[in-house]
Structure formats: structure tokens, C-alpha cells
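Below are the chains, spelled out letter by letter.
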Amino acid sequence: MNTTKIGWIGLGNMGIPMAEQLIKADYAVTVYNRSKEKEAALKEMGALIAETPKNLISQTEVIILMVSDDAAIEQIFNGPEGLFSVEISGKIIVNMSTVSPAISKEMAALCKEKGAEYLDAPVSGSVKQAETGQLVIMVGGDEAAFEQVKPILEKMGKMVVRLGDAGVGNVAKLAINSLLALYTQGLAETVVFANQQGIKTEDLLNLLNNGAIANVFTKIKGDAIIADNYKPAFALKHIVKDLNLAKAIGLNSPLAKTTLQTFEAATTRYGEEDLIAVIKQVKG
Ligand code: NAP
């Protein structure tokens, strides 16, 4: 058994398979999720359950967060039963959610004041990569704290890199997700254009997937479009969040503006579906 006691907060599409990697790697993991019913699967695998973030941090040394957005982070740190409601000196808190660089800088400074460390460590990759420990993890924050938690992160990722101080991991992640959004919009527009000109979706995707711009994303999302399967691996509402976070720190290009408009229009109807459901919006 690995001796570091890990606390895990956030059991969504990504949090469940990521926490599972740590249990499989023989770490003692205590989990907390706002909706308690999602904790059962982890309990069956051997995880302990904490009633609140406050209880969780008291029992653990390295605390990992994988939740939706800045509002969730605010709640988990500053809520009445939150991480900041108890003594946290000596703890390392690793926030793997995609959030704003601003909230990471704020929480890193507050943690330092309380004798703890905060790292932002967002991930590139989706549920499939989470299930196989093949994520790419980009980290901002204190170097010594990073070296301490790196072996833990390596259980979830094939690449774990520290880029600089607090918030820098989030900036890198927002840059990557901006390209993801532009690419998704481009793929959707290409399929719709080809269909309008009489080309079948299957035929177009077959050509694309065997041609010079073939890639894993087009293959996976192409299969989803053909099967009309929009079950969320990465919910459309989350890419809207990420484009808005990128906009807030200066992404304002013509392509980014148009893409944000399309995704915002799509999110009211398709927000809980996978991001490739944007094709339904593009079709009109
Ligand atoms: P998800 O399935 O929507 O899960 C969100 C998690 O956050 C749930 O555990 C939810 O709790 C919790 N949460 C939300 N608001 C909360 C609050 N106010 N207080 C406490 N907990 C709260 O999201 P996901 O797909 O796992 O993504 C998690 C993060 O990773 C997001 O920042 C996302 O952008 C990023 N990300 C996702 C992917 C992907 O492919 N899915 C890939 C890379 C990065 P409940 O269960 O109670 O709702």
C-alpha cells in the first residue's frame, strides 16, 4: 500500500475513472462528492467516504479536486463545511478541474498563507484516457510540492509537466480547449457542407479518416455523428465555460468569437450532451 493518504473531491465523468486509477495503484483514497449516490461505486472498490470537504481534508494529506468550474471551487474551499473551515497546514491541494487562472492564483495565495500548497493541474484527454491513465497533465505552482505529488499524477497521466507558477496550467489548458472548440466547430461545418452538396456523412468521414488530416478526435467524434450518439464524454456546457474563461484572459479572435456564439446558442438545448452535439446547431 502506498503511504500517502489521498482525498478526492468530484466524481463526475472524469473524476470517477481518475480516482479509480489511484485505488488500483494501491493508494488509500477517501472520496467526497456533492451528490452522495455517486460515491457508491468508489466505496465498492475500497475507497473511504467523507461526509464533507472539511472531514476529507482532516483525514488526508494530498487532496485532489476534479469538479466543474470556478463556482464549485469557491464552494469547496469557502463553503461552511469547506476546505478552509479547518486547519490545513502541511496539506497539498491539487486542482485538476478546468478553471480560471485567476481562481487558481487566489487559492494558491490563500493556501500559502495557511501553510498549505495549491497546484493547478488540469488535464488534456477525455473519459477514455482517464480510464487508461493516459491523460496529459499540465501543472502550475510550487516546484517542491509538484515533485512531491508527481508520482501520484503519473498514475493518471502519460505526461505530467510543470509549466511555471500558479495559474499557468490553467492558461495552457484554456489554449488547448480553444483549439478543441474551433476544431469541433470546423468538423461540424465540414460535415454539414458536404451533406448539403450530396456527400453522405459516412463517405466523408471515411475519406477524412484515411486522408492527410486524419486524427483520433475526428475518428471518435465522426463515429458519434454517424451513430447519432451524443452521450457526454465532455459536456457541451463545459466547452462554453472554457471559451468564456479564455475570452476573459484575452482570446478575442474572429474564429473564437464565432465559435463561442455557436456553442452558446447550442448550450440551451444540447448543453448536457457531448460537445459534438454542436453539429445539430450548425445544421439548424
Ligand atoms: P461532470 O461530469 O459535469 O462532473 C462535475 C463534478 O463537479 C461533479 O462531481 C459535480 O458534483 C461537481 N460539482 C459541480 N458543482 C459543484 C459544486 N458547486 N460543489 C461541489 N461539487 C460540484 O464534469 P467532468 O466531465 O467530470 O469534468 C470535470 C472538470 O474537468 C471540468 O472542469 C471539465 O471542464 C474538465 N475536463 C473534462 C473533460 C471531459 O472530457 N469530460 C476533459 C478534460 C477536462 P455532482 O455530482 O453533485 O453534480
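Predicted, not measured: the structure shown is a model, and the values here were computed from it.

Caption draft 1: Structural view of the overall build of the protein. Summing up its helical and strand segments, the protein has 13 helices and 9 strands in all. In the protein, which comprises 284 residues, the share counted as buried stands at 49%. Put simply, of all contacts in the protein between residues at least 6 apart along the chain, 66% involve residues at least 24 apart. Accessible surface, the protein: about 13200 Å² in total, of which carbon and sulfur atoms supply 53%.

Caption draft 2: View of the environment of Val 278. Residue placement: Val 278 occurs in helix H13 (residues 278–283). Distance in space between the C-alpha atoms of Val 278 and Asp 203 is 20 Å, their sequence separation being 75 residues. Beyond its immediate stretch of four places on either side in the chain, Val 278 contacts Thr 184, Ala 188, Leu 236, Thr 262, Phe 263 and Ala 266.

Caption draft 3: The nonpolar core, seen in detail. Core analysis: the biggest nonpolar cluster contains 35 residues, and Trp 8, Met 18, Ile 64, Val 94, Met 96 and Ile 137 have the highest contact counts within it. For this core, the secondary structure elements donating two or more residues are strand S1 (2–9), helix H1 (15–24), strand S2 (27–32), strand S4 (62–65), strand S5 (92–95), helix H6 (127–131), strand S8 (135–140) and helix H7 (143–153). Among the elements that take part in this core, H7 stands out by supplying 5 residues, more than any other. If we skip the residues at most four places from it in the chain, Val 94 touches Val 62, Ile 63, Ile 64, Leu 65, Leu 119, Ala 121, Val 149 and Leu 153. Among the nonpolar cores identified, the runner-up in size contains 27 residues, and Leu 208, Phe 234, Ile 239 and Ile 276 belong to it.

Caption draft 4: Unusual backbone geometry, seen in detail. Look at Asp 26: it is not a glycine, yet its phi comes out positive at around 75 degrees. Inspection of the secondary structure puts Asp 26 in the loop between H1 and S2. Even without glycine at this site, Asp 228 takes up a positive phi of about 55 degrees. On the accessibility criterion, Asp 228 (57% relative accessible area) is exposed.

Caption draft 5: Here's a closer look at the UniProt feature "domain: 6-phosphogluconate dehydrogenase NADP-binding" (unreviewed entry) in the protein. As recorded in UniProt, the sites labelled "domain: 6-phosphogluconate dehydrogenase NADP-binding" (unreviewed entry) are residues 5–164. Split by type, residues 5–164 is 38% helix and 26% strand. Its first and last C-alpha atoms lie 26 Å apart.

Caption draft 6: Expanded view of the pairing of strand S6 (residues 117–120). Of the two faces of S6, the one holding Glu 117 and Leu 119 and the one holding Tyr 118 and Asp 120 are both buried throughout. Of the pairings in the sheet, the one linking S5 to S6 comprises 4 bridges and is parallel in character. Counterpart to Ile 93 in the pairing with S6 is Tyr 118. Viewed along the sheet, the connection from S5 through helix H5 (residues 101–113) into S6 turns out right-handed.

Caption draft 7: Quick peek at helix H8 (residues 168–196). Compared with the 42 Å implied by 1.5 Å per residue over 29 residues, the 42 Å span of H8 between its first and last C-alpha is a close match. At the exit of H8 stands Gly 198, carrying a positive phi of roughly 95 degrees.

Caption draft 8: Summary view of the domain arrangement of the protein. Each domain of the protein was delimited in the assignment, giving domain 1 (2–165) and domain 2 (172–283). Computed over C-alpha atoms, the centres of domain 1 and domain 2 are 28 Å apart. Tallying the contact residues gives 14 residues for domain 1 and 12 residues for domain 2. For the pair domain 1 and domain 2, the summed buried surface comes to about 1000 Å²; carbon and sulfur atoms form 69% of the total. The tally of links from domain 1 across to domain 2 stands at 0 salt bridges. Inspection of the domain 1/domain 2 interface yields 3 residue pairs in polar contact (both at pLDDT 80 or more). Its residues assigned to classes, the side of domain 1 that touches domain 2 shows 7 nonpolar, 6 polar and 1 charged.

Caption draft 9: Spotlight on the packing of aromatic side chains. Scanning the entire structure with this criterion turns up 3 aromatic pairs. Ring geometry for Phe 77 against Tyr 118: centres 6.1 Å apart, planes inclined by 50 degrees, an arrangement best described as tilted. Pair noted here: Phe 77 is in helix H4 (residues 70–78) and Tyr 118 is in strand S6, with a separation of 41 residues, a long-range link. Ring geometry for Tyr 183 versus Phe 217: centroids 5.6 Å apart, planes at 75 degrees, classification edge-to-face.

Caption draft 10: Quick look at the pattern of salt bridges. Counted by the stated rule, this structure contains 11 salt bridges. One salt bridge connects Glu 154 with Lys 150, and the closest N-O pair in it is separated by 3.8 Å. Residue classification places Glu 154 among the partly exposed residues on the basis of a relative accessible area of 42%. The partner of Arg 162 in a salt bridge is Asp 165, with the nearest N and O atoms 3.7 Å apart. Taking the relative accessible area as the measure of exposure, Arg 162 reaches 26% and is therefore partly exposed. Among the residues examined, Asp 165 registers a relative accessible area of 56% and is labelled exposed.

So, how was this worked out
Residues numbered from 1 in each chain as written. Predicted model: local features only at pLDDT ≥ 70, side-chain atom pairs only at ≥ 80, totals over all residues. Heavy atoms only, no water. Helix = DSSP H or I, 4+ residues; strand = E, 2+ residues; numbered from the N terminus. Buried < 20%, exposed > 50% of the residue type's maximum accessible area, 1.4 Å probe, protein only. Contact = heavy atoms within 4.5 Å. Areas by Shrake-Rupley, 256 points an atom, 1.4 Å probe, with all protein chains shown as cover. Core = buried A, V, L, I, M, F, W, Y, C linked by side-chain atoms within 4.5 Å. UniProt positions renumbered as here; feature names shortened; annotations may be inferred. Pairing = 2+ DSSP bridges. Right-handed = clockwise from strand over helix to strand, strands pointing away. Expected span 1.5 Å × (residues − 1). Domains from an automatic or database assignment. Buried area = accessible area lost by both parts, 1.4 Å probe. Salt bridge = Lys/Arg side-chain N within 4 Å of Asp/Glu carboxyl O. Polar contact = N/O pair within 3.5 Å; in protein donor to acceptor, adjacent residues only side chain to side chain. Nonpolar A, V, L, I, M, F, W, Y, C, P; charged D, E, K, R; others polar. Phe/Tyr/Trp six-rings, centres within 6.5 Å; stacked < 30°, edge-to-face > 60°.

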